[in-house]
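Fold and geometry: a report
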Amino acid sequence: MFLRMIKGALFRQKGKMLMIAFTIALGASLSTSMLNTMLGVGDKVNRELKAYGANINVLPKEASLLDDIYGMEEKEGTVQKYLSEDELPNIKTIFWAYNIVDYTPYFNAWVNIDDSKNTTKMVGTWFNHHMDLPTGESIDTGMIRLKNWWEIQGEWLEDKDEDSVMLGAVFASRNGYEVGDTIKVKSDNLEKEMKVKGIYTSGSDEDQSIYVPLKIAQNFEGKTNAVNKIEVSALTTPDNDLARKAAKNPLSLTIKEWEIWYCTAYVSAICYQIQEVVTDSVAKPIRQVAESEGDILNKTTLLMVLITILSLVGSALGISNLVTAGVMERRSEIGLQKAVGASNFKIVGTILTEILLTGVIGAVVGYFVGLGLTQIIGYKVFGSAIVPAPMVIPIVIVLIFLVTILGSIPAMRYLLRLNPKDVLHGR
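For the protein chain, the count of helices and strands is 15 helices and 14 strands. Classification of the 427 residues of the protein chain by burial places 46% in the buried group. Across the protein chain, the fraction of contacts at a sequence separation of at least 24, relative to all contacts at a separation of at least 6, is 75%. Surface summary for the protein chain: the accessible area is close to 21,900 Å², and the carbon and sulfur share equals 59%.

When you tally the buried positions in strand S13 (residues 229-234), you get 6 out of 6 residues, the bulk of the element. Residues of S13 alternate between two faces, with Lys229, Glu231 and Ser233 on one and Ile230, Val232 and Ala234 on the opposite face, all of them buried. Examined bridge by bridge, strand S1 (residues 56-60) and S13 share 3 bridges and lie antiparallel to one another. In the sheet register, Asn57 faces S13, and the bridge partner there is Glu231. Pairing of strand S3 (residues 100-113) with S13 involves 6 bridges; the strand directions are antiparallel. In the strand pairing of S13, Ile100 is matched with Ala234.

Here we come to the confidence of the model for the protein chain. Residues of the protein chain with pLDDT of at least 70 account for 81%, and the chain-wide mean is 81. Per-element mean pLDDT across the protein chain ranges from 52 in helix H1 (residues 2-12) up to 96 in strand S11 (residues 210-213). Contacts for the low-pLDDT stretch residues 68-72, under 50 throughout, to residues beyond four places or in other chains number 4 contacts.

Glancing now at the packing of aromatic side chains. Per the counting criterion, the structure on display carries 16 aromatic pairs. Seen in terms of ring centroids, Phe95 and Trp96 are 5.3 Å apart; in terms of plane orientation they differ by 80°. Their pairing is edge-to-face. Ring centres of Tyr262 and Tyr272 lie 6.5 Å apart, and the angle between their planes is 80°; on these two criteria the pair is classed as edge-to-face. Placement of Tyr262 in helix H9 (residues 255-262) and of Tyr272 in helix H10 (residues 267-277) is noted, with a sequence separation of 10 residues between them. In textbook terms, an aromatic cluster arises when at least three aromatic residues are bridged by ring pairs, as seen for Phe95, Trp96, Trp258, Trp261, Tyr262 and Tyr272.

Taken N-terminus to C-terminus, the directions of helix H8 (residues 241-248) and H9 make an angle of 100°; their axes are 10 Å apart at the nearest point. Between H8 and H9, the crossing angle belongs to the class labelled roughly perpendicular. Between H8 and H9, the contacting residues are Leu242, Ala243, Lys245 and Ala246 on the first element and Glu257, Ile260 and Trp261 on the second. The residue makeup of the contact of H8 with H9, split by class, is 5 nonpolar, no polar and 2 charged.

On to a nonpolar patch on the surface. A surface patch of nonpolar side chains, amounting to about 800 Å² of accessible area, comprises Met19, Phe22, Leu26, Leu30, Ile361, Val365, Val369, Leu373 and Ile376. Broken down by secondary-structure element, the contributors of at least two residues to the nonpolar patch are helix H2 (14-40) and helix H13 (344-382). At 5 residues, the largest contribution of residues to the nonpolar patch is made by H13. Residue position: Val369 is located in helix H13.

Here we take up the pattern of salt bridges. For the structure shown, the criterion picks out 8 salt bridges. Between Lys197 and Asp161 there is a salt bridge; the shortest N-O distance is 2.9 Å. On the criterion of sequence distance, the pair formed by Lys197 in strand S10 (residues 191-201) and Asp161 in the loop between strand S7 (151-154) and strand S8 (164-168) is long-range, its members being 36 residues apart. You can call Asp161 buried: its relative accessible area is 14%.

Another aspect to go through is the nonpolar core. Ile56, Tyr103, Met122, Leu167, Ile230, Ile270 and Ile274 are the most contacted members of the largest nonpolar core, which has 46 residues in total. With 6 residues, S3 is the largest single contributor of residues to this core. Excluding residues that lie within four positions of it along the chain, Tyr103 makes contacts with Leu88, Pro89, Ile91, Lys92, Trp126, Met131, Ile139, Thr141, Gly142, Ile230, Glu231 and Val232. With 26 residues, the next largest nonpolar core counts Ile20, Ala28, Ala363 and Val396 among its residues.

Where H9 contacts H10, the two axes come as close as 9 Å, and the packing angle between them is 90°. Classified by the angle their axes make, H9 and H10 are roughly perpendicular. For the pair H9 and H10, the contacting residues are Trp258, Trp261 and Tyr262 in the first and Ser268, Ala269, Tyr272, Gln273 and Glu276 in the second. Here the residues of the contact of H9 with H10 sort into 5 nonpolar, 2 polar and 1 charged.

Now for the environment of Tyr379. With respect to the helices, strands and loops of the structure, Tyr379 is situated in helix H13. If we skip the residues at most four places from it in the chain, Tyr379 touches Ser384 and Ala385.

The next subject is unusual backbone geometry. In this structure, Asp114 takes a positive phi of about 50° despite not being glycine. Residue placement: Asp114 occurs in the loop between S3 and strand S4 (119-125). Residue Asp114 is classed as partly exposed on the basis of its relative accessible area, which comes to 28%. The phi angle at Asp280 is positive, at roughly 50°, despite the residue not being glycine.

On to the pairing of S10, then. Of the pairings in the sheet, the one linking S7 to S10 comprises 4 bridges and is antiparallel in character. Note on S10: the bridge partner recorded for Ile152 is Tyr200. Examined bridge by bridge, strand S9 (residues 182-186) and S10 share 5 bridges and lie antiparallel to one another. Bridging across to S10, Thr182 finds its partner in Lys195. Count of turn residues in the S9/S10 antiparallel hairpin: 4 residues.

Rules behind the numbers
The residue numbers shown here count from 1 along each chain, following its written sequence. Residues qualify for local features only when their pLDDT is at least 70, as the model is predicted, and side-chain atom pairs are given and counted only at 80 or more; totals for whole chains, interfaces and linings, by contrast, use all residues. By convention in this description, side-chain values take in all heavy atoms of the structure and omit both hydrogens and water. Only runs of H or I of at least four residues qualify as helices and only runs of E of at least two qualify as strands under DSSP, and these elements are numbered from the N terminus. Exposure categories follow from relative accessible area, calculated using a 1.4 Å probe and restricted to protein chains: below 20% of the type maximum is buried, above 50% is exposed, and the middle band is partly exposed. In what follows, residue pairs with any heavy atoms lying within 4.5 Å of each other are defined as contacts. Computed with a 1.4 Å probe, the accessible areas rest on the Shrake-Rupley method; for each residue, only the protein chains presented here act as cover. Following DSSP output, two strands are said to pair if at least two bridges run between them. For every residue, the predictor assigns a confidence score, pLDDT, that lies between 0 and 100. Aromatic rings from Phe, Tyr and Trp, with only the six-membered ring used for Trp, were paired whenever their centres fell within 6.5 Å, and each pair was classed as stacked if the ring planes differed by under 30 degrees, edge-to-face if by over 60, and tilted otherwise. Fitted lines through C-alpha atoms give the axes, limited to the stretch in contact for helices. The angle between two N-to-C directions lies from 0 to 180 degrees. To sort the angles, those under 35 degrees are grouped as roughly parallel, those over 145 as roughly antiparallel, those from 65 to 115 as roughly perpendicular, and the leftovers as oblique. Residue type decides the class: Asp, Glu, Lys and Arg count as charged, Ala, Val, Leu, Ile, Met, Phe, Trp, Tyr, Cys and Pro as nonpolar, and the leftover types, Gly among them, as polar. Only residues whose relative accessible area exceeds 30% and that form no salt bridge are eligible for patches; like-charged ones are grouped when within 9 Å, while nonpolar side chains (Val, Leu, Ile, Met, Phe, Trp, Tyr) are grouped when within 5 Å. Criterion for a salt bridge: a side-chain nitrogen of Lys or Arg within 4 Å of a carboxyl oxygen of Asp or Glu. By nonpolar core is meant a set of buried Ala, Val, Leu, Ile, Met, Phe, Trp, Tyr and Cys residues that side-chain atoms within 4.5 Å join together.

Below is the structure:
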């Protein structure tokens, strides 16, 4: 009898039930797409932000101390401190190796260009360097990926270019050099003619320098197996209280806190692990970049949560109006049920069952529509698919259940106040 009543009510009010199902489907689809995007978009947003450069600097301990005290790196004429070039592959062997997107070393030399008596900073680096790692993997990394926003007139250098150089836009303009010119580069250890293969614009002080492959800069200084600095671009998790505590002093953490911190991709944890594999190094986050990434990720997450909440509030309001209108249309039927002895509990249970069954259909349809919206967002915004998170399913079920119940409360209150005498007498 109960099931026949439910079936009859659903078919008699199929128009309103379809509207309720549509309202719930709309809320479920938006919730599904936003939650899946929120849970799967972190790395994608982070990778997009990597286009704006490195977020970790790795320096020798002495050079890091000088930077902390005077706010600058070592200059010409000071005793240079170096990291070992042989240890660079170790960076991709840390616990968070897959979060290291790109990195490149830098070696500084000071040279004279043509007949100028003033020295110019020459920077040696990797441009598109191939490495075979101790783990058996191979990677390609370097300046072309790490500084891909630089404007290049001419061409990027290649690591095999021994007689070519890239000039900063300020340096080239000041001295009247153009792409294709030949310049004479001289140091105490080497003198050679080099062709200007490209002129770059970085928008910073780097525009006053010149760039060459790492080995060439080392030759001008008469050094081997040495680098001054390493820039690392890593995918990180926004800092929280634990990360800030660890950044001040990792030894202050308890064993449990240490395990959580070390196994979470905080920028401080990645820096610590880099220091473990690069001898006598200090890895420091570039705070402006790291904090900006965290802020953007937090604001993106907040935006998606707000959209989810607003969509559910809208669904609840829609359900409230539709269910209340349905109960008002059925007041004669409900009044008659009360008159023949049906309890409020039984009547409320019957109507809620009808609404929840309708809601289940709407939620299932909405979930799959939401999966489609998630992929549209993924491809349109980030150029790749977003993997659906299994945990979204129970979250959506709970949210839709709560929204359906909350949206039905005004109608249930009306139903409980309904007096069968008034209804049956047409009042």
